[in-house]
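Survey of secondary and tertiary structure
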Amino acid sequence: KEWPEERTIELGKRLAGTGWRTMLVCRAEERARLKEISAWAAGEPSARWLNADLLTIAAALAKARAFVGPDSGLMHLAASFADRVITHGGRTVVF
């Protein structure tokens, strides 16, 4: 499931405005397709991409204050660590 890019950017801007940092996690081929988010993240000091192995992602999630994302394997992993887990719906994207 995938949220529209403009909603992800809007949430990232709101979080940045309150002092939160944003970690964007996806595979390299997804990142290449997400051009609007990439452009926003390139100009936003509080946003970082994380393209890493599962253990590194799990370590980052263990330090996260919250997780926002679709109902996915990462969401379930985040639920074991994060204080707040928020899931969103969206269209299904087939690769």
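Re the layout of surface pockets
Of the pockets and cavities examined, the largest pocket occupies roughly 1600 Å³. Lining the largest pocket we find 47 residues, and of these Met23, Leu24, Val25, Phe67 and Val68 sit closest to its centre. Breaking the lining of the largest pocket down by element, the ones donating at least two residues are helix H1 (5-17), strand E1 (22-25), helix H2 (28-33), helix H3 (35-43), strand E2 (47-50), helix H4 (54-63), strand E3 (66-70) and strand E4 (84-88).

Observations concerning H4
Those residues of H4 not exposed but buried are Ile57, Ala58 and Leu61. Angular distribution of buried residues about the axis of H4 spans 100°; they occupy a single face of the element. Exposed residues on H4 whose side chains face more than 90 degrees from its buried face are Leu55 and Lys63. Buried residues in H4 make contact with E1, E2, E3 and helix H5 (73-79).

Parameters at a glance
- Residues numbered from 1 in each chain as written.
- Predicted model: local features only at pLDDT ≥ 70, side-chain atom pairs only at ≥ 80, totals over all residues.
- Heavy atoms only, no water.
- 1 Å grid on protein atoms, 1.4 Å probe; cavity = no way out; pocket = protein on both sides within 12 Å on 5 of 7 lines; lining within 4 Å.
- Points joined across faces, edges and corners; volume = space filled by probe spheres on them.
- Helix = DSSP H or I, 4+ residues; strand = E, 2+ residues; numbered from the N terminus.
- Buried < 20%, exposed > 50% of the residue type's maximum accessible area, 1.4 Å probe, protein only.
- Arc of directions from axis to C-beta.
- Contact = heavy atoms within 4.5 Å.

All we've got here are geometric facts, nothing functional implied.
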